Amino acid sequence: MFNIFKNEAFFCGTVEPRADFYAEVKELILKTLAEAPANYMPVWFRFHLSDIANQEDILRKALADTNCRCAVAAVGQAPLNGSHAGLEAYFFRGNVSYPEEDMAQIDDDSYTHIYFNTRNLSTRGSGPQMNEEFLAAEKIITSRGGNIPENLQRTWIYCRDIDNNYADLVTARKDLFTQWGMTADTHYITSTGIEGSSHPHYRLVRMDSMALFGHKPEQIQYLHAPEHLSPTHIYGVTFERGTRIIYGDRSCYYISGTASIDKEGKVVHLQDVEKQTLRLLENVDALMKEGGGSLNDLVQAIIYLRDFADYNRVKKIIDSALPESATRLIVRGSICRPTWLVEMDAIGINANGNKRFASRNQ
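Residue positions are given per chain, counting from 1 as you read along its sequence in written order. In view of the model being predicted, local features appear only for residues whose pLDDT reaches at least 70, and side-chain atom pairs are presented and counted only at 80 or more, with totals across whole chains, interfaces and linings using the full set of residues. Neither water nor hydrogens contribute to the side-chain values; these are computed over all heavy atoms in the structure.

## A short note on the overall build of the protein
Of the regular secondary structure elements, the protein holds 7 helices and 17 strands. Rg of the C-alpha trace for the protein: 19 Å, near the compact-globule value of 21 Å for 362 residues, within the 12% margin. Along the first, second and third principal axes, the C-alpha atoms of the protein reach 50 × 50 × 45 Å. Residue burial in the protein is summarised as follows: out of 362 residues, 61% are buried. Between two residues, a contact is recorded if the distance between any of their heavy atoms is within 4.5 Å. Across the protein, the fraction of contacts at a sequence separation of at least 24, relative to all contacts at a separation of at least 6, is 79%. The convention is simple: Lys and Arg are positive, Asp and Glu are negative, and His and the chain ends are not counted. Here the site of a charge means atom NZ of a Lys, CZ of an Arg, CG of an Asp or CD of a Glu. Each charge class in the protein was averaged separately, 38 positive and 46 negative side chains, and the resulting centres sit 2 Å apart. Secondary structure elements are taken from DSSP: a helix is a run of H or I of four residues or more, a strand is a run of E of two residues or more, and numbering for both begins at the N terminus. The atom set for the radius of gyration is the C-alpha atoms, and the globule formula is 2.2 Å times the number of residues raised to the power 0.38. Each residue's exposure class comes from its accessible area (1.4 Å probe, protein chains only) as a fraction of the maximum for that residue type: buried when under 20%, exposed when over 50%, partly exposed otherwise.

As structure tokens, this is what we get:
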């Protein structure tokens, strides 16, 4: 199902599982390309795979065989509806190019958006790999005249065995942010940090990124909702709860991975996945409302569950709370604290722009 806002189109979906994974994922790719609105170009595809160790090479073959070109990412997070592969995708009607492998670039009259990831890492360990990911992102951004604090707007970070490997990732990110002058008194970057495996097996960390160029600082609003959620730094991590990017004709909202947390940083509703789901939705709604939006403006959402047995109960709540048009996918993914049972990240768009700023091409 696609959700379309002017020249942006979002998709989440699966197909019926088959014994032949190649046939299944090829069908998913072709179906997505065929159902995309006319004249919209693929920008990024992120595949959520049930067995990435055995599936990523097959996925890459299917992408080549279908001539699908865009920024492609694959993460080991099984779709919980029983499919072997789930897909979240973003399409744009306008000037889309692919300057490097696993990179897509959108050039408007006033803005450039870049979506990218790093295919291979040379280091071992979650801390060194997190460091390598961010330094690779810095190289890409500085080569275009930018820098991490001003231009990197969104990251999605996937960590194998998050219960044991997340701490070193957090330390590495914090150290780099300090070097770049990013502190609790300035700002961090909106991010998801979630359990997700990569291929090959020794890759403990992978990161997908979105960078923006051509904007003014006042077009970026960081979302906090302090009556609902604590600042992240009070429990030792360094990311923003959400970012609103204000254009002349719209606002785009990037909501970080959000769970059942209160304004003191404590987990709310221990061992109750239904109440945790309701609280995370309350928190996401509060973040959206701080930026002039609401849950009704969500166009894409990924829900992560620690325990696949909770799927039906959580799906019922999510489906009743989100607009029917919001594309969504529920996958297996443990959260950075074992007591968090469910998490969601999201993208939202509405027409709440500001004519002081340039619009995006239509």
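## Notes on the packing of helix 1 (residues 21–35) against helix 2 (residues 52–65)
The angle between two axes is taken between their N-to-C directions and runs from 0 to 180 degrees, where each axis is a line fitted to C-alpha atoms and a helix contributes only its stretch in contact. Between helix 1 and helix 2, the least distance of the axes is 9 Å, while the angle of their chain directions is 45°. It follows from the interaxial angle that helix 1 and helix 2 lie oblique. Once helix 1 is placed against helix 2, the crossing between them reads as right-handed. Between helix 1 and helix 2, the contacting residues are Phe21, Tyr22, Val25, Lys26 and Ile29 on the first element and Gln55, Ile58, Leu59, Lys61, Ala62, Leu63 and Asp65 on the second. Classification used: nonpolar for Ala, Val, Leu, Ile, Met, Phe, Trp, Tyr, Cys and Pro, charged for Asp, Glu, Lys and Arg, polar for all others including Gly. Along the lines of polarity and charge, the residues of the contact of helix 1 with helix 2 split into 8 nonpolar, 1 polar and 3 charged. Oblique is the label for any angle not covered by the other classes, which are roughly parallel (under 35 degrees), roughly antiparallel (over 145) and roughly perpendicular (65 to 115). In this scheme the handedness of a crossing depends on how the near helix is turned from the far one: anticlockwise by less than a right angle means left-handed, clockwise means right-handed.

## A word on helix 2
One full turn of an α-helix is made of 3.6 residues, so residues set three or four places apart face in the same direction. Here, expected helix span is obtained from the residue count minus one, scaled by 1.5 Å. If you check helix 2, its first and last C-alpha atoms are 19 Å apart, about what 14 residues at 1.5 Å a residue would give, namely 20 Å. Next to the buried residues of helix 2 lie helix 1, strand 3 (41–49) and strand 4 (71–76). Trailing helix 2 by a residue or two, Asn67 shows a phi angle of about 55°, which is positive.

## Concerning the nonpolar core
One finds Ile29, Val43, Phe45, Phe47, Leu298, Leu322 and Met344 to be the most contacted residues of the largest nonpolar core, which totals 94 residues. For Ile29, the contacting residues outside a window of four places in its chain are Phe45, Phe47, Leu59, Ala62, Leu63, Thr66 and Cys68. The next biggest cluster of nonpolar side chains, apart from the first, holds 30 residues, and it includes Ile140, Tyr166, Leu176 and Val237. Residues enter a nonpolar core if they are buried and are Ala, Val, Leu, Ile, Met, Phe, Trp, Tyr or Cys, with the set joined through side-chain atoms within 4.5 Å.

## Concerning the sheet that holds strand 4
Strand pairing in a sheet takes place through backbone hydrogen bonds and is either antiparallel or parallel in direction. Any two strands with at least two DSSP bridges between them are considered paired. Strand order in the open sheet made by the 5 strands is 1-2-5-3-4, with mixed pairing throughout. The open sheet terminates on both sides in strands that have one partner only, identified here as strand 1 (2–5) and strand 4. Neighbour to neighbour, the strand axes of the sheet diverge by 10° on average, direction disregarded. Where helix 1 meets the sheet, it contacts strand 1, strand 2 (8–13), strand 3 and strand 5 (85–92), and its direction lies at approximately 25° from that of strand 5. Helix 2 contacts strand 3 and strand 4 of the sheet and is inclined by roughly 160° relative to strand 4.

## Description of unusual backbone geometry
Cis peptide bonds are those with omega within 30 degrees of zero, and the linkage from His199 to Pro200 qualifies with 5°. Along the chain, the position of Pro200 falls in the loop between strand 10 (190–195) and strand 11 (205–213). Located in the positive-phi region is Lys6, a residue other than glycine, with phi close to 55°. Relative to the elements of secondary structure, Lys6 occurs in the loop between strand 1 and strand 2.

## Digging into the sheet that holds strand 14 (residues 251–258)
Strand order in the open sheet formed by 6 strands is 12-13-14-17-15-16, with mixed pairing between adjacent strands. Looking at strand neighbours, the two that pair on one side only are strand 12 (220–223) and strand 16 (327–332), the edges of this open sheet. Pairs of neighbouring strands in the sheet enclose a mean axial angle of 10°, with direction left out of account. Of the pairings in the sheet, the one linking strand 15 (residues 298–305) to strand 16 comprises 6 bridges and is parallel in character. Along strand 16, the bridge assignment pairs Ile303 with Ile330.

That is the geometry; function is a separate question.
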